[in-house]
Amino acid sequence: MSYLLLFSAIGCEIFATTCMKYSDGFTKLLPSALSIVGYIGCYILFSKAIMHINLAASYATWCGVGIAATAVISWLVFGEKLNLVGILSLVLIIAGVILLNVFGIAAK
């Protein structure tokens, strides 16, 4: 259940960040409001998730998956460039998150 909360928080953060891009610097009301609501939801869900998941692993997962997903969305939806070095960097971020979750956190 805690990982469901964590990935829901990540989804809210990705949604909020995408809405922020559409908000045009918070000058458009609906995307701005959706961005704020998304961030509030993301922090509420994340605060619940870290009650039962190691903080280092959960934060690294939240950041790493959020960065990678946002980069892919910016490439696919907004047509922003993503070159080979950028793709390799995203792969390394995800690999680091996986390694941290599997091997980098000592059991309680």
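This text goes with the structure placed above it.
Here the structure is a predicted model, which means the values were calculated and not measured. (Residues numbered from 1 in each chain as written. Predicted model: local features only at pLDDT ≥ 70, side-chain atom pairs only at ≥ 80, totals over all residues. Heavy atoms only, no water.)

Draft legend 1. Up close: helix 3 (residues 55–76). Taking 1.5 Å as the rise per residue, helix 3 with 22 residues should run 32 Å; its terminal C-alpha atoms sit 31 Å apart, in good agreement. What helix 3 keeps buried is the set Ala 57, Ser 58, Thr 61, Trp 62, Gly 64, Gly 66, Ala 68, Ala 71 and Ser 74. Buried residues along helix 3 sit in contact with helix 1 (2–22), helix 2 (29–49) and helix 4 (84–103). At the N-terminal end of helix 3, a side-chain oxygen is found 2.8 Å from the backbone nitrogen of Ala 56, two or three residues along, and the residue is Asn 54. (Helix = DSSP H or I, 4+ residues; strand = E, 2+ residues; numbered from the N terminus. Expected span 1.5 Å × (residues − 1). Buried < 20%, exposed > 50% of the residue type's maximum accessible area, 1.4 Å probe, protein only. Contact = heavy atoms within 4.5 Å. Polar contact = N/O pair within 3.5 Å; in protein donor to acceptor, adjacent residues only side chain to side chain.)

Draft legend 2. Quick peek at the environment of Ile 10. Within the secondary structure, Ile 10 is located in helix 1. For the pair Ile 10 and Tyr 39, spaced 29 residues apart in the sequence, the C-alpha separation amounts to 9.8 Å. Excluding residues within four positions of it along the chain, Ile 10 makes contact with Thr 61, Trp 62, Val 65 and Gly 66.

Draft legend 3. Layout of the packing of helix 2 against helix 3. Packing of helix 2 against helix 3 brings their axes to within 11 Å, and their N-to-C directions diverge by 150°. Regarding the angle of helix 2 to helix 3, the classification is roughly antiparallel. Regarding helix 2 and helix 3, the two cross each other, and that crossing is right-handed. Together, Cys 42, Tyr 43 and Phe 46 of helix 2 and Ser 58, Tyr 59 and Trp 62 of helix 3 make up the contact between the two elements. Residues of the contact of helix 2 with helix 3, tallied by class, amount to five nonpolar, one polar and no charged. (Axes fitted to C-alpha atoms, helices over the stretch in contact; angles between N-to-C directions. Parallel < 35°, antiparallel > 145°, perpendicular 65-115°, else oblique. Left-handed = near helix turned anticlockwise from the far one by under 90°. Nonpolar A, V, L, I, M, F, W, Y, C, P; charged D, E, K, R; others polar.)

Draft legend 4. Representation of the packing of aromatic side chains. Inspection of the entire model under this criterion finds five aromatic pairs. One aromatic cluster in this structure is built from Tyr 43, Phe 46, Tyr 59 and Trp 62. For the cation-ring pair, Lys 21 lies above Phe 78, with the distance from its terminal atom to the ring centre recorded as 5.6 Å. (Phe/Tyr/Trp six-rings, centres within 6.5 Å; stacked < 30°, edge-to-face > 60°. Lys NZ or Arg CZ within 6 Å of the ring centre and 35° of its normal.)

Draft legend 5. Spotlight on the environment of Val 97. You can see Val 97 is positioned in helix 4. Residue class for Val 97 comes out buried when judged on its relative accessible area of 10%. Taking C-alpha positions, Val 97 is 16 Å from Ile 87, a pair spaced 10 residues apart along the chain.

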